[in-house]
Amino acid sequence: MSTLQVCLRMPKCRGIEIEECSISQLQDYLSKAAFTSRELVQCYLERIKLVNPRVKAVIETNPDVLDIADKLDEERKNNHVRSCLHGIPFIVKDNIATKDKMQTTAGCAALIGTEVPSDARIVTLLREAGAVLLGKANLSEFASMRASYYAEGYSSRGGQNRNPYNLARHPGGSSSGSASSVASNMCAFSIGTETDGSIMFPADRNSVVGIKPTVGLTSTAGLIPESPSMDTVGSFGRSVEDATIILDVIRERQTTSGTHKDSSISSPTYDFSEPYTSWLSKKDALKGARFGLPWKRVWESASKRAEKELEYNSLMDLVKKMEQVGAQIVKVDFPSAEEILAPGGWDWSFGDGKTNSILSEFAVVRTEFYHSLRSYLKGLAKNENEIYSLEDVVAYNLQHTTREGGVPETHPAWPTGQDNFDKCLESKDWPEDVHLKALEYIRRKSREEGIDAALIFEGNNLDGLLVPLQADGGVACSLAAKAGYPMITVPVGTNSEGVPFGMGIIQTSWKEHLLVKYGSAIEDIVGSRSLPQFLNLEADNYPYIGSRPETVSML
């Protein structure tokens, strides 16, 4: 063990090594009085104090967390244990409302001082289950909505969140802090949100399991919105089991197409009385299972990217191991691939076979973000800075551009300023039929002519679609987001820079149980995830993503 690893070693909890402990293991220790919830919280707070100054995954800790832990310890003494999460510390992304002494700001300084009317529904469910809210996670400000070229994982409140495996590389966004806090053992589990890739990419790049549920399975009430047609709330854990335990708690027991009236996802057929944890399995569950490898624009693209050769080969080796234990894996295609998946990688403005299309995901998101943000801001219980609209946010950033980067090239985290916000303002008065036409298009191309079509092979349904998360440029993940369909990612390895990557599985709506079944089976083949190495610990760069405009000179 290196000197650095010794310095960053996880503190023991009353003499017990808790690094990488699962939720079940922690609960077992608590039930045997090996340590109390207060002591467990104190250990995680010490870990945050040790690691967070460099990783910056946690934007703030809960000032009431020890009092909460004490109350739950007292309940346990009186033989009242609420659930398997009783006394277990967790973190939520800073765009999820908490009615307490912590802020809810989406990382934006303009929203400091606002007060939410109530806890988000997700937070309520976790509190009722006895989980201990430890703090708020950093994120790419406004869930990566601000700019087209920016430092991933940066927010004006939290600073630059870094990847604990290699601090010079970005952690994935926008739920960056949710993933990196779990990866670096600052909490037992965390909650993130996704519109497109914001759970999947951070999970993949931090070697943790992320589950993005079907839109409507989890409530988005109390979430600072981005696009209600696509927004969803999901879980991060260090194993499929942990992520699934959380999904069982936060899912709605009775859901229609839930959080958006125009979701158009058919009503669920899954028996919600059956816990998802009952589907956890081992590698023998793969015997007889059938999976598709979407080739055009996905695996084909991954195979041609020289810089992704190691990832591609590692994932193909995993495919072979799955076949060796009895899985059948075949090449398939998304019929709409060339119309909706950009050849160069993730591009939410791509649609109808071209970039900057009016029939694109971004055409939907930019419209919905403007109007849904206004509704959220008007519903706040307190709003000290009088931020009631996107126009107000933009004006605040311009007024404080040295800190907030409202003007291009005035802050290194945002070389293009807030150009995506500007585009949202440009489209705020678009006729409703423009928005609805784009929404109908991306849903049809991603569902009936995309994922649902690819899941049928030789007249029978496949058990899932296996996809890379990074080696294909992120296009497969984006298709699941457009559809509002569920996805899971399971850690597989690390690349030449020490940054993790994994295997994703996509299914159609309400098939989370199959993701759990086969995700845990794949995990059994791969084995335990790798631990963070904290390479380039002193890194102070801004890890940019997006297409750098030719006019931008600041780096």
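Everything quoted here is computed from the prediction, not taken from an experiment.

Cut-offs and rules
- Residues numbered from 1 in each chain as written.
- Predicted model: local features only at pLDDT ≥ 70, side-chain atom pairs only at ≥ 80, totals over all residues.
- Heavy atoms only, no water.
- Salt bridge = Lys/Arg side-chain N within 4 Å of Asp/Glu carboxyl O.
- Helix = DSSP H or I, 4+ residues; strand = E, 2+ residues; numbered from the N terminus.
- Buried < 20%, exposed > 50% of the residue type's maximum accessible area, 1.4 Å probe, protein only.
- pLDDT = per-residue confidence, 0-100.
- Contact = heavy atoms within 4.5 Å.
- 1 Å grid on protein atoms, 1.4 Å probe; cavity = no way out; pocket = protein on both sides within 12 Å on 5 of 7 lines; lining within 4 Å.
- Points joined across faces, edges and corners; volume = space filled by probe spheres on them.
- Nonpolar A, V, L, I, M, F, W, Y, C, P; charged D, E, K, R; others polar.
- Pairing = 2+ DSSP bridges.
- Axes fitted to C-alpha atoms, helices over the stretch in contact; angles between N-to-C directions.
- Expected span 1.5 Å × (residues − 1).
- Phe/Tyr/Trp six-rings, centres within 6.5 Å; stacked < 30°, edge-to-face > 60°.
- Lys NZ or Arg CZ within 6 Å of the ring centre and 35° of its normal.

(A) Just the pattern of salt bridges, in detail. Scanning the model with the defined rule gives 32 salt bridges in all. A salt bridge links E426 to R366; the nearest nitrogen and oxygen atoms lie 3.8 Å apart. Of the two residues, E426 sits in helix α16 (residues 419-426) while R366 sits in helix α13 (residues 361-378), which places them 60 residues apart along the sequence. The exposed category is assigned to E426, whose relative accessible area is 58%. Across the pair K428 and E391 runs a salt bridge whose closest N-O atoms are separated by 2.8 Å. Here K428 is found in the loop between α16 and α17 (432-454), whereas its partner E391 is found in helix α14 (residues 390-399), with 37 residues between them in sequence. One salt-bridge network, in which partners are shared between bridges, spans E339, E440, R444, K445 and E449.

(B) Structural view of the confidence of the model for the chain. Scored by pLDDT, the chain has a mean of 95; 96% of the residues are at 70 or more. Note that pLDDT drops below 50 for residues 256-262; the model gives that stretch 20 contacts with residues more than four away or on any other chain.

(C) Fine view of empty space enclosed by the protein. Summed over all chains, the structure comprises four cavities of 30 Å³ or more. Quantified by volume, the largest cavity comes out at close to 50 Å³. N95, A106, F142, A143, I224, P225, E226 and F369 are the residues that line the largest cavity. Its residues placed into classes, the lining of the largest cavity shows six nonpolar, one polar and one charged.

(D) Examining the pairing of strand β7 (residues 189-194) more closely. Burial of β7 is extensive: six of the six residues sit out of reach of the surface. With burial as the criterion, each face of β7 is covered, one bearing F189, I191 and T193 and the other bearing S190, G192 and E194. By the bridge criterion, three bridges tie strand β2 (residues 89-93) to β7 in an arrangement that is parallel. Paired with V92 across the two strands is I191, which belongs to β7.

(E) Structural view of the sheet that holds strand β14 (residues 464-468). Spatial ordering of the open sheet is given by β1-β3-β2-β7-β9-β8-β15-β16-β14-β10-β11, a layout of 11 strands whose pairing is mixed. The sheet is open, and its two borders are formed by β1 (58-61) and β11 (328-332), each paired with just one other strand. Adjacent strand axes in the sheet meet at a mean angle of 30° when their direction is disregarded. Here strand β10 (residues 290-294) runs beside β14; their pairing, made up of two bridges, is parallel. Its bridge partner lying in β14, G292 is registered against L465.

(F) Focus on helix α19 (residues 512-526). Along its 15 residues, α19 runs 21 Å from first to last C-alpha, staying within 8% of the 21 Å computed at 1.5 Å per residue. α19 sits mainly inside the fold: 11 of its 15 residues count as buried. Among the residues making up α19, those that are buried are E512, H513, L514, L515, V516, Y518, G519, S520, A521, I522 and I525. Close packing links the buried residues of α19 with α9 (240-250), β10, α11 (309-324), β14, β15 (487-494) and β16 (500-506). G527, located one to two residues past α19, shows a positive phi value of around 95°.

(G) Expanded view of the packing of aromatic side chains. For the structure shown, the criterion picks out 12 aromatic pairs. Ring centres 6.0 Å apart and planes at 85° place the aromatic pair F142 and F369 in the edge-to-face group. Placement of F142 in helix α6 (residues 141-144) and of F369 in helix α13 is noted, with a sequence separation of 227 residues between them. One exposure class covers both F142 and F369, and it is buried. Between W346 and W348, the aromatic rings sit 5.5 Å apart at their centres with planes inclined by 35°, giving tilted as the arrangement. Here the aromatic cluster, defined as three or more aromatic residues joined through ring pairs, consists of F142, F369 and F421. The ring centre of W414 lies 3.7 Å from the NZ or CZ of R146, which sits over that ring. One residue, R251, lies across the ring of Y276, its end atom 4.6 Å from the ring centre.

(H) Summary view of the layout of surface pockets. Of the pockets and cavities examined, the second largest pocket occupies roughly 480 Å³. Lining the second largest pocket are 20 residues; nearest its centre among them are R238, S239, V240, E523 and S528. Where the lining of the second largest pocket is concerned, the elements lending two or more residues are α9, β15 and α19. Looking at which element gives the most residues to the lining of the second largest pocket, the answer is α19, with four residues. Considering only residue class, the lining of the second largest pocket consists of six nonpolar, six polar and eight charged.

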